[in-house]
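The lines below spell out each chain.
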Amino acid sequence: MYKRGDEKLIIGYTSGVYDLFHIGHLNLLKNAKGLCDKLIVGVTSDELVSYKNKKAVIPHNERMEIVRNIKHVDAVVPQNDMDKFKMWERLKFDVMFVGDDWFDTEKWTELDKRFKEVGVKIIYFPYTKGVSSTLINEALKGLRNK
C-alpha cells in the first residue's frame, strides 16, 4: 500500500493494447491520472491480442515502453490474462478505469459486483469518438492499396 504521511494514496489501474497510440489512449490515461495518485497501466501481450484473431502492429515491449513514457503513467505491467480480478489480486488497486463501450455488458456487470466486494470502484470513461487503432489500421490499409 502506498502512503503519503498518514494518508493512503489512491491506486488506479487501466489496461489496453495501446497499439498505434492515439488521442483516445492519451485521453483515457490523462483522465485516469486525474482521479488517482498512482496510475498503473497493463499493456496487453501479443499472445493475448491474438485471441481476438488480431495482431498488434507495434511489438509488446515497444508498446510498454511508449506507455511507460507517458507523463500520466506511474508504472507499466504486462497484461497476460484477460481476468481483471487476477490483476487486482496482484496489484491491489483501488479504482479501475475502462472505456464506456464496456458499460452494462454482462462481463463488466459481473466484474463490477466482484470489485465492489473488495472495495474497488470501476469508472467508465466516454470512448473518444472517431478514433481507434482499428480505424487507423483500416486507413493505412487503404493508403497502401492505392
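Residues numbered from 1 in each chain as written. Predicted model: local features only at pLDDT ≥ 70, side-chain atom pairs only at ≥ 80, totals over all residues. Heavy atoms only, no water.

Q: Could you give me a rundown of the packing of helix 4 (residues 84–91) against helix 5 (residues 106–117), with the residues and numbers involved?
A: At a closest axis distance of 10 Å, the pairing of helix 4 and helix 5 adopts a crossing angle of 25°. What the angle tells us is that helix 4 and helix 5 run roughly parallel. Classified by chirality, the crossing of helix 5 by helix 4 is right-handed. Facing helix 4, whose interface residues are Lys84, Phe85 and Trp88, helix 5 presents Trp108, Leu111, Arg114 and Phe115. Here the residues of the contact of helix 4 with helix 5 sort into five nonpolar, no polar and two charged. (Axes fitted to C-alpha atoms, helices over the stretch in contact; angles between N-to-C directions. Helix = DSSP H or I, 4+ residues; strand = E, 2+ residues; numbered from the N terminus. Parallel < 35°, antiparallel > 145°, perpendicular 65-115°, else oblique. Left-handed = near helix turned anticlockwise from the far one by under 90°. Contact = heavy atoms within 4.5 Å. Nonpolar A, V, L, I, M, F, W, Y, C, P; charged D, E, K, R; others polar.)

Q: Give me the sheet that holds strand 7 (residues 121–125): which residues, what numbers.
A: If you trace the five strands from one edge of the open sheet to the other, you get 5-4-3-6-7, paired in parallel fashion. Two strands lie at the open edges of the sheet, namely strand 5 (75–79) and strand 7, each paired on one side alone. On average, adjacent strands in this sheet sit at an angle of 25° to one another, irrespective of strand direction. Pairing between strand 3 (residues 11–16) and strand 6 (residues 95–99): two bridges, direction parallel. What sits directly across from Gly12, in strand 6, is Val95. Its contacts with the sheet put helix 1 (residues 23–33) on strand 3, strand 4 (38–44), strand 6 and strand 7, and the angle it makes with strand 4 is roughly 150°. Of the strands in this sheet, strand 6 and strand 7 touch helix 5, which is tilted by about 145° from strand 7. (Pairing = 2+ DSSP bridges.)

Geometric values such as these leave the question of function open.
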